[in-house]
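# Commentary on secondary and tertiary structure
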Amino acid sequence: MFRKGKKKYADDDGRTIIDMNVEGMPWYTPTPKNKRKVDDEDKPSRKEKRAMIGAWFSVYLPRLFAVLVGFGITIGIIVCWLNGWFID
């Protein structure tokens, strides 16, 4: 019958947002033509790296500690149960 035309969006200017150069596709090229080189100003400084590592540790060490304590409690309960210490 009647075909619908393509939808037109007001904010669409035709630019591609993400690179479609994906491994396994027929058009894949291992070294893209427009690969951006990293400038020295884009790299974090030594002070920024240390701040990032410190933030990572401050977030993940309490979680790691909680997991290790949980495993310790579980192993302690299993040892007590297998030795019969909970049986009167």
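Reading the values: rules and limits
Residue positions are given per chain, counted from 1 along the sequence in the order it is written. For a predicted model such as this one, the threshold for reporting local features is a pLDDT of at least 70, and the threshold for listing and counting side-chain atom pairs is 80 or more; totals across whole chains, interfaces and linings nevertheless cover every residue. Computation of side-chain values covers all heavy atoms of the structure but excludes hydrogens and water. Numbering of helices and strands runs from the N terminus, with a helix taken as a DSSP run of H or I at least four residues long and a strand as a DSSP run of E at least two residues long. We call a residue buried when its accessible area falls under 20% of the maximum for its residue type, exposed when it is over 50%, and partly exposed in between, using a 1.4 Å probe and counting protein chains only. Here the accessible surface of atoms and residues is derived via Shrake-Rupley with a 1.4 Å probe, and residues count as covered only by protein chains that are part of the display. Two joining distances apply to patches: 9 Å for like charges and 5 Å for nonpolar side chains (Val, Leu, Ile, Met, Phe, Trp, Tyr), and every residue must have over 30% relative accessible area and no salt bridge. Salt bridge criterion: a side-chain nitrogen from Lys or Arg within 4 Å of a carboxyl oxygen from Asp or Glu. Pairing of aromatic side chains here covers Phe, Tyr and the six-membered ring of Trp, requires ring centres within 6.5 Å, and sorts the geometry by plane angle: under 30 degrees stacked, over 60 edge-to-face, intermediate tilted. Only when the NZ atom of a Lys or the CZ atom of an Arg is both within 6 Å of the ring centre and within 35 degrees of the ring normal do we say a charge sits over the ring. Here Asp and Glu are counted as negative and Lys and Arg as positive; His is not counted, and neither are the chain ends. Here the site of a charge means atom NZ of a Lys, CZ of an Arg, CG of an Asp or CD of a Glu. Multiplying 1.5 Å by the residue count of a helix minus one yields the expected span of that helix. One fitted axis covers the seven residues ending at a residue, a second covers the seven starting there, and the bend at that residue is the angle between these axes.

Further remarks concern the overall build of the chain. Helix and strand counts for the chain come out as one helix and zero strands. Going through the 88 residues of the chain one by one, you find that 1% of them count as buried. Of the accessible surface of the chain, which amounts to about 9,700 Å², a share of 62% is contributed by carbon and sulfur atoms.

Before going further, it helps to spend a moment on a nonpolar patch on the surface. Where nonpolar side chains cluster on the molecular surface, the patch consists of Ile53, Trp56, Phe57, Val59, Tyr60, Leu61, Leu64 and Leu68 and spans about 780 Å² of accessible area. If you trace the backbone, Val59 turns up in helix H1 (residues 46-83). A relative accessible area of 39% means that Val59 is categorised as partly exposed.

Let us look at the packing of aromatic side chains. Two aromatic rings are characterised by how far apart their centres lie and by the angle between their planes. Across all of its chains, the model carries two aromatic pairs by this definition. Where Trp56 meets Phe57, the ring centres are 5.0 Å apart and the plane angle is 80 degrees; that geometry is what we call edge-to-face. Measuring from ring centre to ring centre gives 5.2 Å for Trp56 and Tyr60, while their planes differ by 40 degrees; the resulting arrangement is tilted. Of this pair, Trp56 and Tyr60 both sit in helix H1, four residues apart, roughly one helical turn. Residue Trp56 is classed as partly exposed on the basis of its relative accessible area of 47%. Ring-pair connections join several aromatic residues into one group, and the members of that group are Trp56, Phe57 and Tyr60. Lying over the aromatic face of Tyr60, Arg63 brings its terminal NZ or CZ to 5.3 Å of the ring centre.

There is a patch of like positive charges on the surface, built from Lys43, Arg46, Lys49 and Arg50. Within the secondary structure layout, Arg46 lies in helix H1. Since its relative accessible area comes to 64%, Arg46 is described here as exposed.

Between its terminal C-alpha atoms H1 stretches 53 Å, which fits the 56 Å expected from 38 residues at 1.5 Å a residue. Taken as a whole, H1 carries its principal kink of about 30 degrees at Tyr60; the proline Pro62 stands between one and four residues after it. Among the residues trailing H1, Gly84 stands out with phi positive, at a value near 80 degrees.

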